[in-house]
Amino acid sequence: MNAKTHYLRDIFYSTVACGLTALLAMPLIGRMNLVNIVMLFLLVVVLLTVKMGRTAGVTAAFVSVALFDVLFVEPRFSFSVTDAQYILTFIVMLIVALVISYLTSHLREQMLEAELKAQQSQALYELAQALASSVTLTQATSAISQFMHQSLRLEAVLVLPDTTENLHQHGEHRLTEVEMLMAHAAYDSGNIMQTGYQNDGEHSSTYLPLHGSTRKRGVLAARSNIESTGELLHDRAMLEAVASITAASIERLHFVEVAHDAEWRVASERLRSSILSALSHDIRTPLTAAYGMADSLHLIEPPLPQAAQDTATALCTQILQLNQMVSNLLDLAKLQAGGMTLRREWQPVEEVIGTSLQLLQSILSKHHVTIKLAPDLPLLNFDAVLIERVLCNLLENAIKYGNGNIEINADIKGDFAHLSIQNSGKPIPADKLEQIFTLFERGSESHTAHGTGIGLSICRSIINAHGGQIWAENLNDGVNIIFTLPLGTPPIVNL
Amino acid sequence: MTTPNTILVVEDQHDILKFISDALRKENIRVLTASNIRDALNESTTGQPDMAILDLGLPDGDGLTLIQNLRTWSQLPILVLSARSDELDKINALDAGADDYLTKPFAIGELLARVRALLRRRATSQSNTSPLIVFGDISVNRAQREVMRGTEALHLTAIEYQLLCIFLVNVGKVLTHRYLLNEIWGGTFTENAHYLRIYVGHLRKKLELDPTQPKHILTETGVGYRFVLGD
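Residues numbered from 1 in each chain as written. Chains lettered and ligands numbered in written order. Predicted model: local features only at pLDDT ≥ 70, side-chain atom pairs only at ≥ 80, totals over all residues. Heavy atoms only, no water.

Draft legend 1. Spotlight on the nonpolar core. In this structure, A:Leu394 and A:Phe483 are the most contacted members of the largest nonpolar core, which totals 44 residues. Of all the elements, helix H12 (residues 384-401) of chain A adds the most residues to this core, at nine residues. Setting aside residues up to four positions removed in sequence, A:Leu394 forms contacts with A:Ile421, A:Leu456, A:Cys459, A:Ile470, A:Ile481 and A:Phe483. Listed in part, the 29 residues of the second largest apolar core include B:Cys165, B:Tyr195, B:Leu196 and B:Leu203. (Core = buried A, V, L, I, M, F, W, Y, C linked by side-chain atoms within 4.5 Å. Buried < 20%, exposed > 50% of the residue type's maximum accessible area, 1.4 Å probe, protein only. Helix = DSSP H or I, 4+ residues; strand = E, 2+ residues; numbered from the N terminus. Contact = heavy atoms within 4.5 Å.)

And the structure:
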């Protein structure tokens, strides 16, 4: 029923009510003072206003005065008046009736508004409760949709950004393209946007950006089917309250997800870490036993024939290689998981070069090694065990792929120390210079040297973790592998 | 070694225990075995070993408590066996009182060399009171505070000399960075860690034939230093 029909209906009913009152009062003429008839009519005006509103009340005011004049004041059944003082009665009656009518209708409106507000507050409270207990976005979206539909008679669509800041719709309704553009505009500007029902002829919409405590969380699009935008504007405070609760809820769900992610990551890190240590121990134990037992073959009394002794030696070599491979794999796993903390200390690089040469002295015996260190090399900040591993890997490569001469260089270029291991021999094919640092890639396919392509990959992981770089260069008669370590700021030494 | 030495081997893996025990017995050493900490403590009190070899990966707890316990009543040399990936467990063992370590897997020859060195140290420390020590072409007279290369006197700064003396008192033993820093500077680790490296470098320059390939002041990467008299 639209406003006009309401209007006519109110006039009709109030006229009828006044008429009925007049009919009921007519038998009282002569027995009751006319003043009391006036009171009756005023009572009817109040009742009509309370029940039906201002229109009815005002109508009743005029109709009551007219009926009073025609039916009760002499001469009856005519609008004229014999006693002129009744004109004052009519005027005052009308004024009083109108004032009562306005006041009562005002009171009534306030009461209705208060009731509506109470209802909406209750609904808002229930929404907040529903959102507080929701654990998924779907639950939250449906709680919001339900509320908007029941309390505000609006269709709600949540527009939320994903990890790449693209907006997506959530909810059972769908926005048109134009509406999505409006939602985008609201999100980007951070302001509430409203459109009348011109945009697609049937709907009027409000777009409320959701402001979280740290950043924008999305947009709440509220769409209505009623023609009057007045209704929506009246609810704007309500909509803003809903938007605020929604933003808080979306933010909470986001942080719940972040917390879950972090928990999962920590748990999986712990698992990986304990697997790696268990593996390390479990693999090294049989390796140790096998190596020890193979070695003990050399000591058997009476001594085994030479062939058996040679086999025992070969067995030892193979086991050591296996051990090296296992160490490399485990370290690679740790480094790639980002779980390996470097134990960096300021120290001279000569020391770690010395220990690497010492470790490999048995296989280096047939090679000629030159060391050229710049005289002004400062202390460098690095993890000795890891850089020793890098140097050993590079030296082993130099031995494997070189033909005798090895040179170790260290000097300063800019903000980095450059260390290089150079070997004479066959160059690496130009297109493989970068590839050799990837996992399981060997320098020359035709080479029959043993070993997986892990060594250089580990070197790269270790050097990168130190903030440096590693690469290979071909020389006229060999290969040079260079790695850098940042100089940083060495501590001051007071001697 | 006329009276046979006794060594307590604490190892839970049967095969490893076997080849270690066999190798030691061939060297005329009496072997006591234990496969967990509790038995090790029992054997150490009843068997009175001259030395202990302890695997750090025991199932009923790390070897640290065993080392700490032993050190409260005995100075017997302790050699620990450790898997490589962790320098930290070696450092902790050394700081708790272990003398040396071997990384698994290890050759029997290496094991026997360490064992001999530790047994020799124990024997000499019980009888040694001489202030004179010789290594390589260097001779040190601690009573006179003299360090000579042949007939040439070498000049060492106070700290360098102090460092050298610590090494000479602990021949063959692995000294952690923390231990050395504490002995010389007695203070916090992080402030002075690099000083230790620098002084060791200076000492090597003065005493070693080739400072980049030292024969006496050896680096134990990630752990500390070890001083050996050499051949």
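Draft legend 2. Region of interest: the side chain of B:Glu220. Residues and elements named next belong to chain B. Inspection of the secondary structure assignment puts Glu-220 in strand E11 (residues 217-220). At a separation of 2.9 Å, a polar atom in the side chain of Glu-220 contacts the side chain of Arg-226. Sequence-distant contacts of Glu-220, that is, excluding residues within four places in its chain, are made with Tyr-101, Val-174, Tyr-225 and Arg-226. (Polar contact = N/O pair within 3.5 Å; in protein donor to acceptor, adjacent residues only side chain to side chain.)

Draft legend 3. Molecular detail of helix H10 (residues 349-359) of chain A. Of all eleven residues in H10(A), eight are buried; the element is thus mostly enclosed. Looking at H10(A), one finds that the buried residues are A:Val349, A:Glu351, A:Val352, A:Ile353, A:Gly354, A:Thr355, A:Ser356 and A:Leu357.

Draft legend 4. Up close: the packing of aromatic side chains. For the coordinates displayed, the defined rule picks out nine aromatic pairs over all chains. Consider the rings of B:Phe19 and B:Phe106, whose centres lie 6.0 Å apart with planes at 45°: the pair is tilted. Pair noted here: B:Phe19 is in helix H1 (residues 14-26) and B:Phe106 is in the loop between strand E5 (100-104) and helix H5 (108-127), with a separation of 87 residues, a long-range link. On the basis of an interplanar angle of 45° and a centroid distance of 6.1 Å, the ring pair of B:Trp185 and B:Tyr195 is categorised as tilted. In this pair, B:Trp185 is assigned in the loop between helix H7 (177-184) and helix H8 (189-207) and B:Tyr195 in helix H8, connecting sequence segments ten residues apart. On the accessibility criterion, B:Trp185 (26% relative accessible area) is partly exposed. Members of the aromatic cluster, connected to one another through ring pairs, are A:Phe41, A:Phe68 and A:Phe72. When the ring centre of A:Tyr187 is taken as origin, the NZ or CZ atom of A:Lys216, which lies over that ring, is 5.2 Å away. (Phe/Tyr/Trp six-rings, centres within 6.5 Å; stacked < 30°, edge-to-face > 60°. Lys NZ or Arg CZ within 6 Å of the ring centre and 35° of its normal.)

Draft legend 5. Here's a closer look at the confidence of the model for chain B. Here chain B averages 87 in pLDDT, while 93% of its residues score no lower than 70. For this predicted complex, the interface confidence score (ipTM) comes to 0.86, while the overall pTM stands at 0.64. (pLDDT = per-residue confidence, 0-100.)

Draft legend 6. Quick look at the interface of chain B and chain A. If you look at the interface, chain B gives 33 residues, while chain A gives 37 residues. Around 3200 Å² of area is buried between chain B and chain A when both sides are counted, 62% of it from carbon and sulfur atoms. Counting across the interface, chain B meets chain A through three salt bridges. Where chain B packs against chain A, one counts seven residue pairs in polar contact (both at pLDDT 80 or more). Mapped onto the side of chain B that touches chain A, the elements with two or more residues apiece are H1, helix H4 (87-96), H5 and H8 of chain B. Per-element accounting of the side of chain B that touches chain A gives the leading share, nine residues, to H8(B). Its residues assigned to classes, the side of chain B that touches chain A comprises 14 nonpolar, twelve polar and seven charged. (Buried area = accessible area lost by both parts, 1.4 Å probe. Salt bridge = Lys/Arg side-chain N within 4 Å of Asp/Glu carboxyl O. Nonpolar A, V, L, I, M, F, W, Y, C, P; charged D, E, K, R; others polar.)

Draft legend 7. A look at the sheet that holds strand E4 (residues 78-83) of chain B. Residues and elements named next belong to chain B. Read from one edge of the open sheet, five strands run E2-E1-E3-E4-E5, paired in parallel fashion. Strands at the two margins of the open sheet, each flanked by one partner only, are strand E2 (30-34) and E5. Each strand of the sheet is rotated relative to its neighbour by a mean of 20°, with strand direction disregarded. Direction of pairing for strand E1 (residues 6-10) relative to strand E3 (residues 51-55): parallel, over a ladder of four bridges. Bridge assignment links Val-10 to a residue of E3, and that residue is Leu-54. Docked against the sheet, helix H2 (residues 37-47) engages E1 and E2, running at close to 150° with respect to E2. Across the sheet, H4 lies against E4 and E5, angled at about 160° from E5, the strand it touches most. (Pairing = 2+ DSSP bridges. Axes fitted to C-alpha atoms, helices over the stretch in contact; angles between N-to-C directions.)

Draft legend 8. Spotlight on helix H4 (residues 85-132) of chain A. Residue and element names in this part refer to chain A. Between its first and last C-alpha atoms H4 spans 69 Å; for 48 residues at 1.5 Å apiece the expected length is 70 Å, and the two agree. What H4 keeps buried is the set Phe-90, Met-93, Ala-97, Ser-101, Thr-104, Ser-105, Gln-120, Ala-123, Leu-124, Leu-127 and Leu-131. Considering only its buried residues, H4 is in contact with helix H2 (34-52), helix H3 (54-72), helix H5 (137-152) and helix H8 (236-296). (Expected span 1.5 Å × (residues − 1).)

Draft legend 9. Representation of the packing of helix H9 (residues 306-336) of chain A against H12(A). Residue and element names in this part refer to chain A. Their axes nearest at 13 Å, the elements H9 and H12 cross at an angle of 130°. Considered as vectors, H9 and H12 are oriented oblique to each other. For the element pair H9 and H12, the recorded crossing hand is left-handed. Of the residues in H12, those touching H9 at Gln-324, Ser-327, Asn-328 and Asp-331 are Arg-389, Asn-393 and Glu-396. Taken together, the residues that form the contact of H9 with H12 break down as no nonpolar, four polar and three charged. (Parallel < 35°, antiparallel > 145°, perpendicular 65-115°, else oblique. Left-handed = near helix turned anticlockwise from the far one by under 90°.)

Draft legend 10. Up close: unusual backbone geometry. A cis amide bond, omega -5°, links A:Glu301 with the succeeding residue A:Pro302. Note that A:Pro302 resides in the loop between H8 and H9. Of the consecutive residues B:Lys104 and B:Pro105, the connecting peptide bond is found in the cis state with omega at -5°. Unlike most non-glycine residues, B:Asn28 shows phi in positive territory, near 70°.

Draft legend 11. Layout of the confidence of the model for chain A. All names here are of chain A. Per-chain confidence: chain A averages 83 in pLDDT, with 92% of residues scoring 70 or above. Here helix H7 (residues 229-234) stands out as the element of chain A with the lowest mean pLDDT, 49, in contrast to strand E8 (residues 380-383), whose mean of 93 is the highest. Contacts for the low-pLDDT stretch residues 445-452, under 50 throughout, to residues beyond four places or in other chains number ten contacts.

Draft legend 12. Inspection of the pattern of salt bridges at higher detail. Following the criterion strictly, the structure yields 26 salt bridges over all chains and no others. For the salt bridge of A:Glu179 with A:Arg223, the shortest nitrogen-to-oxygen distance reads 2.9 Å. Of the two residues, A:Glu179 is situated in helix H6 (residues 177-189) and A:Arg223 in strand E5 (residues 216-224); the sequence distance between them amounts to 44 residues. Its relative accessible area of 1% is what places A:Glu179 among the buried residues. Between B:Arg204 and A:Glu351 there is a salt bridge whose closest N-O contact spans 3.1 Å.

Draft legend 13. Layout of the packing of H8(A) against H1(B). At their nearest, the axes of H8(A) and H1(B) sit 9 Å apart, and the two run at 30° to each other. Taken as axis vectors, H8(A) and H1(B) run roughly parallel relative to one another. H1(B) is crossed by H8(A), and the crossing has left-handed handedness. For the pair H8(A) and H1(B), contact is made by A:Thr285, A:Thr288, A:Ala289, A:Gly292 and A:Met293 and by B:Asp15, B:Ile16 and B:Phe19, respectively.

Draft legend 14. Examining the sheet that holds strand E10 (residues 416-425) of chain A more closely. Residues and elements named next belong to chain A. Strand order in this open sheet of five strands is E7-E9-E10-E12-E11, and the pairing throughout is mixed. At either margin of the open sheet sits one strand with a lone partner, and together these are strand E7 (368-373) and strand E11 (470-475). Taken pair by pair, the neighbouring strands of this sheet meet at an average axis angle of 15°, ignoring direction. Taken together, the six bridges between E11 and strand E12 (residues 478-486) define a ladder with antiparallel strand orientation. Residue pairing across strands places Leu-475 opposite Gly-478, the latter belonging to E12. Sitting on the sheet, H12 is in contact with strand E9 (402-413), E10, E11 and E12, with an inclination near 145° to E9.

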